[in-house]
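What follows is each chain in one-letter form.
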Amino acid sequence: MAAASLPAWRRLQPGARTLRAFSTAASPTTLPGNPRPSTTERTSRFDRPPRRKALPPRTEKMAVDQDWPSVYPVAAPFKPSAVPLPVRMGYPVKMGVPMAKEGNLELLKIPNFLHLTPVAIKKHCEALKDFCTEWPAALDSDEKCEKHFPIEIDTADYVSAGPSIRNPKARVVTLRVKLSSLNLDDHAKKKLIKLVGERYCKTTDVLTIKTDRCPLKRQNYDYAMYLLTVLYHESWKTEDWEKNKTEADMEEYIWTNSSSEKNILETLLQIKAAEKNLEVTKEELLGTKEIEDYKKCVVSLKNEGDSENTLSQYKDSVKRLLNLT
Amino acid sequence: MLKGVTRLVSRVHKLDPGHFLRLGTQAPQSLAAHLDNQVSFESPRAISCTSENDPAKHEEKHEGQHYNLPLQDMKTIFPHGLPPRYAMQMKTFNEACLMVRKPALELLHYLKNTNFAHPAVRYVLSSALDGEKGTGKTLSLCHIIHFCAKQDWLILHIPDAHLWVKDCRDLLQSSYNKQRFDQPLEASVWLKNFKTTNERFLNQIKIQEKYVWNKRESIEKGSSLGEVVEQGITRVRNATDAVGIVLKELKRQSSLGIFHLLVAVDGVNALWGRTTLKREDKSPIAAEELALIHNLRKMVKNDWNGGAIVMTLSQTGSLFKPRKAYLPQELLGKEGFDALDPFIPILVGNYNPKEFESCIQYYLENSWLQHEKAHTEEGKKELLFLSNGNPGQLERLCAYL
């Protein structure tokens, strides 16, 4: 109805039209998207181009096997009309579903990696190949890489468009090395671990040194190598005060010369004395199979903590030692 | 379930005085008659209770069954040893029934085969790895004590070592050793109970050394241990030293073979833990500075023979230990473990299905479970699920039903 009245309006005389403009007819407001021209502006309505209807979104025209990197060649905000996925995001109201992607601010706020699909990355790699050298053919397995190049250096370079090409984050250097590839004996290894403290990971046996105290990357790398050299040489040296190491400093439980050993020897000696078997000496007792067993059980109990397994083993070994049925 | 429980709680509260009055005044025979009038309870009694009341004769086949301890014995053997909830249950049912369980049977077996010439073996009862508290360690210890009492051993029972390291009112500086502290109240209470338990031994054992209390009083060599105990009870100031003397003499003399000594300590992890006691200048006192603890530590060392040492670990009542700690090393700490090594750890776990069934039957017989669904299979499954077979938890749950 309103659409039919529009062309009728067009045919009206300009004079009659201006008369209409002053009247407070309801039709101007019923026409969608056709704001009433302000009285100061005298552009005629039919001079302005008609407003276009919204086109269908681009997703409807996308083929399944299209070239996605050309849709998102660079990092761009999420465009719901360009991403053909029925993504929903948002906290749903009661008995509702999360909001759809059209006009969804949440999807706009979060970072998206639509420009870094595996296909896109493959293309980047292909382009970068021209600038790379060949991987050495001899290093075809992880173990060989470990063996020949035990030290791994991680650095990061930052490129951004801005007034300056420098980025202070670029000076950080991380040095990773496995302690098994270093030539360390038992004492040296324990001393090194104590010296580095938090930087050593027990499960992966990797020492990580992260340096950023110098202003340049080159200087930080030199400093990290220097630290590694110093740690290695210092851990091989034994100082005078190291012989004051107490039981509390020990990393793991050592059975020889412990109170457990003393207790068990005393007990056994008393048992032997009760049986009038005084010829047995300490060394003999220490050599028996039961004591070996007991020693293993106590060490595992102390080092690994209590568990059903360790406790029952300990119980059995004590029973055998004390000759209980 | 919860609504039902709350309604029942209010019902039981109203019913309480009358219900217990009925049980208290009527003799057990009329109770049995009353029970017989309802459904026949012959078979449950056979499952849950055994007539073998001598712990020495308990064997594998009695496992899971309750046996009756005569109430007269309870007063002498356990003046201070029972867990409070069990004592209440004893008063309610007017009988003391203990369940025979595997850990206790194991310990009994070891004790029966003890070689008294060898140094005392240490046994530590601790929670098994699927249960924490309330698994029955203290009651297993009571079972052992009953056995040893029947076998005429001398019982040295410390009901809860944690009571000696916390909340002590008077701390005196020890007259014997200036660095240590005395606890007169705790020591005198313990001496009274010790006297009740071991009355008959006190006159037989003679001390072998002269001890001087102070300038005017002393105890001569050859006088009986009973006199030392009397002195400790009457003169509260010297109570701690009296305890020390008792422990020393017992240790020395049990090696001679006159009697067998059972040292039973509940909550032994208190001996090597921290205390909450402070000196006048608010500095904390370490456990070894308490004379009672010092002497007790010497007692649980295995340098004497002629008996056995049975101990339990307990987290409830322990100080400064996290609630989830129940493993021996966690509760004892490094010092405690080194001091007790070598020991035999005995794990006490939750009820297995047979024991659970037996416990429920026992409660049903004593009309403790009043809920109408308590004797159905579903009700039992529900109780099993809620309590996870934990004896302490089951007892608390059944208290509401």
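Data block above holds the structure.
Treat the numbers as computed from the prediction; the structure is a model and nothing was measured.

**Student:** Whenever I open this one, a nonpolar patch on the surface confuses me. Can you help?
**Tutor:** A grouping of Phe113(A), Leu116(A) and Ile121(A) is seen on the molecular surface, where their side chains present a nonpolar patch of about 280 Å² in accessible area. Tracing the backbone through its elements, the reader meets Ile121(A) in helix α6 (residues 118-128).

**Student:** Quick question: what am I supposed to make of the environment of Thr256(A) here?
**Tutor:** Its place among the elements puts Thr256(A) in the loop between α9 (217-236) and α10 (259-274). Linking Thr256(A) and Lys295(A), residues 39 residues apart in sequence, is a C-alpha distance of 8.9 Å.

**Student:** Teacher, can you tell me more about the sheet that holds strand β13 (residues 344-348) of chain B here?
**Tutor:** All names here are of chain B. Pairing is parallel across the open sheet formed by five strands, whose spatial order is β4-β9-β12-β3-β13. Every other strand in the sheet has two partners, leaving β4 (154-158) and β13 as the edge strands with one partner each. Looking at each pair of strands side by side, their axes are set apart by 15 degrees on average, direction ignored. Bridge count between β4 and strand β9 (residues 261-266): five bridges; the pairing is parallel. When the bridges of β9 are listed, Leu-154 appears paired with Leu-261. On top of the sheet, helix α6 (residues 102-112) reaches β3 (121-127), β12 (307-312) and β13; it is set at about 150 degrees to β13, its chief contact. Sitting on the sheet, helix α12 (residues 291-299) touches β4, β9 and β12, and the angle it makes with β9 is about 130 degrees.

**Student:** What exactly am I supposed to notice about empty space enclosed by the protein here?
**Tutor:** Over the atoms rolls a probe the size of a water molecule, and its path tells where empty space is left. One pass over the full model with this rule turns up three cavities of 30 Å³ or more. A volume near 70 Å³ is recorded for the largest cavity. In the lining of the largest cavity, the residues fall into four nonpolar, four polar and two charged.

**Student:** Help me understand the interface of chain A and chain B, please; the structure alone is not making it clear to me.
**Tutor:** Many analyses report the size of an interface as the accessible area lost when the parts associate. Taken together, the contact pairs 28 residues of chain A with 28 residues of chain B. For the chain A face of the interface with chain B, the top three residues by lost area are Lys302(A), Asp306(A) and Lys315(A), together amounting to 23%. There are one salt bridge connecting chain A and chain B. Here Lys315(A) and Glu106(B) are joined by a salt bridge, their closest N and O atoms 2.9 Å apart. Along the contact surface separating chain A from chain B lie three residue pairs in polar contact (both at pLDDT 80 or more). Looking at the side of chain A that touches chain B, the elements with two or more residues in it are α10, α12 (289-304) and α13 (308-321) of chain A. Sort the elements by how many residues they give to the side of chain A that touches chain B and α10(A) lands first, with nine residues. When the residues that make up the side of chain A that touches chain B are grouped by side-chain class, the tally is twelve nonpolar, eight polar and eight charged.

Conventions we followed
- Residues numbered from 1 in each chain as written.
- Chains lettered and ligands numbered in written order.
- Predicted model: local features only at pLDDT ≥ 70, side-chain atom pairs only at ≥ 80, totals over all residues.
- Heavy atoms only, no water.
- Patch = residues over 30% accessible without salt bridge, like charges linked within 9 Å, V, L, I, M, F, W, Y side chains within 5 Å.
- Areas by Shrake-Rupley, 256 points an atom, 1.4 Å probe, with all protein chains shown as cover.
- Salt bridge = Lys/Arg side-chain N within 4 Å of Asp/Glu carboxyl O.
- Helix = DSSP H or I, 4+ residues; strand = E, 2+ residues; numbered from the N terminus.
- Pairing = 2+ DSSP bridges.
- Axes fitted to C-alpha atoms, helices over the stretch in contact; angles between N-to-C directions.
- Contact = heavy atoms within 4.5 Å.
- 1 Å grid on protein atoms, 1.4 Å probe; cavity = no way out; pocket = protein on both sides within 12 Å on 5 of 7 lines; lining within 4 Å.
- Points joined across faces, edges and corners; volume = space filled by probe spheres on them.
- Nonpolar A, V, L, I, M, F, W, Y, C, P; charged D, E, K, R; others polar.
- Buried area = accessible area lost by both parts, 1.4 Å probe.
- Polar contact = N/O pair within 3.5 Å; in protein donor to acceptor, adjacent residues only side chain to side chain.

Function cannot be inferred from these measures alone, as they are strictly geometric.
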